[in-house]
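# Summary of the model geometry
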Amino acid sequence: MTRQVAETEGLTDVELAARLRMTLGRLSRRLRQHGPQTLTSSQASTLASVETLGPVRLGDLAAAEGVSAPTQSRLVASLEAQALLRRTPDVDDRRATLLEITPEGRRQLEQLRTERSAFLVERLGTLSPAQRAALVSALDVLEDLAET
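Residues numbered from 1 in each chain as written. Predicted model: local features only at pLDDT ≥ 70, side-chain atom pairs only at ≥ 80, totals over all residues. Heavy atoms only, no water.

### As for the overall build of the chain
Per the secondary structure count, the chain includes six helices and two strands. Counting from the amino terminus, the chain carries its helices and strands in the arrangement α-α-α-α-β-β-α-α. Taking 15 Å as the expected radius of gyration for a compact globule of 148 residues, we find that the chain reaches 19 Å, considerably beyond that expectation. In terms of overall dimensions, the chain has a C-alpha envelope of 60 × 35 × 20 Å along the principal axes. Considering only contacts in the chain between residues 6 or more positions apart, those separated by 24 or more positions represent 48%. (Helix = DSSP H or I, 4+ residues; strand = E, 2+ residues; numbered from the N terminus. Rg over C-alpha atoms; globule rule 2.2 N^0.38 Å. Contact = heavy atoms within 4.5 Å.)

Shown next as structure tokens:
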């Protein structure tokens, strides 16, 4: 790892990475505290992935979520029990099933997103114009970091 000095505040890349990781972790924990408490963060992530991927096989979902198939299977079973996901036959392979989100799953996911966004909107309202401008500028960089 390089020890280059970051252009602002005299932080090294290592120090900047640690600060960024800690800050994003704290913000993520704060966001998880807002919204329906009926879903764990793993369940919410699984539900969102199924929504994004569309009908998907369990193995493909596990790969997208970065978890083992048995772990994903347990998460899917818990979401099925809540009627948030359902299995449908795979018309291309009768031995396989596909997972898809139910209308109730979409409703709960939307509620979660709405409540978490409301929390952020409230917090953004406390920023000064200069802080808001800095955040807007930082978003492109953060989005690039998330994609690479």
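Next comes the rest of the description.
### Some details on the pattern of salt bridges
All chains considered together, the criterion is met by eight salt bridges. Residues Arg106 and Glu51 are paired through a salt bridge, measuring 3.6 Å at the closest nitrogen-oxygen approach. With Arg106 in helix α5 (residues 103–124) and Glu51 in helix α2 (residues 41–53), this pair connects stretches of sequence that are 55 residues apart. Glu51 sits in the partly exposed class, given a relative accessible area of 25%. Between Arg87 and Glu80 there is a salt bridge, and its shortest N-O distance comes to 3.0 Å. The exposure class of Arg87 is partly exposed, given its relative accessible area of 36%. In the salt-bridge network here, residues are joined through shared partners; they are Arg57, Asp90, Asp93 and Arg95. (Salt bridge = Lys/Arg side-chain N within 4 Å of Asp/Glu carboxyl O. Buried < 20%, exposed > 50% of the residue type's maximum accessible area, 1.4 Å probe, protein only.)

### Quick notes on the environment of Gly10
Relative to the elements of secondary structure, Gly10 occurs in the segment before α1 (13–32). Along the backbone, Gly10 and Leu75 are 65 residues apart, and their C-alpha atoms lie at a distance of 44 Å.

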